[in-house]
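# Architecture and fold: a report
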Amino acid sequence: MTMTEERYLDPTRESFDAFKALPRDVPINMLNLLQFYDSAQYPEDHLNAANGWSGARAYKEYSKTSGPVFQRVGGTIIWRGAMESMVIGPQDEKWDSAFIARYPSSAAFMEMITDPDYKKAVVNRQAAVLTSRLVRFGELGGGDGFG
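Here's a quick rundown of the structure. (Residues numbered from 1 in each chain as written. Predicted model: local features only at pLDDT ≥ 70, side-chain atom pairs only at ≥ 80, totals over all residues. Heavy atoms only, no water.)

## What about the packing of helix α2 (residues 55–72) against helix α4 (residues 116–128)?
- Packing of α2 against α4 brings their axes to within 7 Å, and their N-to-C directions diverge by 165°. Compared by their axis directions, α2 and α4 come out roughly antiparallel. Between α2 and α4 lies a crossing of left-handed hand. Residues Gly55, Ala58, Tyr59, Glu61, Tyr62, Thr65, Ser66 and Val69 of α2 form the contact with α4, whose participating residues are Asp117, Tyr118, Ala121, Val122, Asn124, Arg125 and Ala128.
- Here the contact of α2 with α4 is built from residues that sort into 8 nonpolar, 4 polar and 3 charged. (Axes fitted to C-alpha atoms, helices over the stretch in contact; angles between N-to-C directions. Helix = DSSP H or I, 4+ residues; strand = E, 2+ residues; numbered from the N terminus. Parallel < 35°, antiparallel > 145°, perpendicular 65-115°, else oblique. Left-handed = near helix turned anticlockwise from the far one by under 90°. Contact = heavy atoms within 4.5 Å. Nonpolar A, V, L, I, M, F, W, Y, C, P; charged D, E, K, R; others polar.)

Below, the structure written as structure tokens:
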């Protein structure tokens, strides 16, 4: 099975309930892995449907339109990278974009995704993304080694 045979775009009810059950008053880091459509998949009646955008371009529009809400809730991008090689893992996994978004709390993340302006912006994400992964990480102490 290739990674595009099963599409992951939005959380399931179970995964979102598990997310909401975790502490809401601590900083969180969200690893985002994205694979874009070649051509954005907007609903026919959407304002951007006739633009002929690529998925990557539609995701830029999502970033632009959701950015003010992301910043207002205290979100920051702490790392962004371009995939170069799968060293360990399925060789068919190719990610077009990867980044870690930091939120001051999961309550801030919840505030963002329920904001009316964000809900309008997320249509661009849905049109752009073929499949994705979104993983919440809490923080652990530092150190010099891997353990």
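Back to the write-up after that little detour.
## Looking at the pairing of strand β3 (residues 97–103)
- For β3, the buried fraction is high: 5 of the 7 residues fall into the buried class.
- Summarising the sheet, strand β1 (residues 28–36) and β3 pair through 7 bridges and their orientation is antiparallel. Each bridged residue has a counterpart across the sheet, and for Leu33 the counterpart in β3 is Ala98. (Buried < 20%, exposed > 50% of the residue type's maximum accessible area, 1.4 Å probe, protein only. Pairing = 2+ DSSP bridges.)

## Considering the sheet that holds β3
- Ordered by their spatial adjacency, 4 strands build an open sheet running β2-β3-β1-β4, and the pairing between neighbours is antiparallel. Each of the sheet's edge strands pairs with one partner strand only, and the pair in question is β2 (76–81) and β4 (129–137). Across the sheet, the mean angle separating the axes of adjacent strands is 20° when strand polarity is ignored.
- Running at roughly 40° to β1, helix α3 (residues 106–114) makes contact with β1, β3 and β4 of the sheet.

## What to know about the side chain of Ser105
- Note that Ser105 resides in the loop between β3 and α3.
- Exposure remark for Ser105: the relative accessible area of 13% places this residue in the buried category.
- Only 3.1 Å separates the side chain of Ser105 from the backbone nitrogen of Ala108, close enough to count as a polar contact. (Polar contact = N/O pair within 3.5 Å; in protein donor to acceptor, adjacent residues only side chain to side chain.)

## Remarks on the pattern of salt bridges
- Considering all chains together, one arrives at 7 salt bridges under this definition.
- Asp17 is the salt-bridge partner of Lys20, the closest N and O atoms lying 3.8 Å from each other. Of this pair, Lys20 and Asp17 both sit in helix α1 (residues 13–21), separated by 3 residues, roughly a single helical turn.
- Take Lys20: its relative accessible area is 27%, and that puts it in the partly exposed class.
- Between Glu139 and Arg102 there is a salt bridge, with its nearest N and O atoms 2.0 Å apart. Of this pair, Glu139 sits in the segment after β4 while Arg102 sits in strand β3, and the two are 37 residues apart along the sequence.
- A relative accessible area of 25% places Arg102 in the partly exposed class.
- Each of Arg13, Asp17 and Lys20 takes part in one network of salt bridges that share partners. (Salt bridge = Lys/Arg side-chain N within 4 Å of Asp/Glu carboxyl O.)

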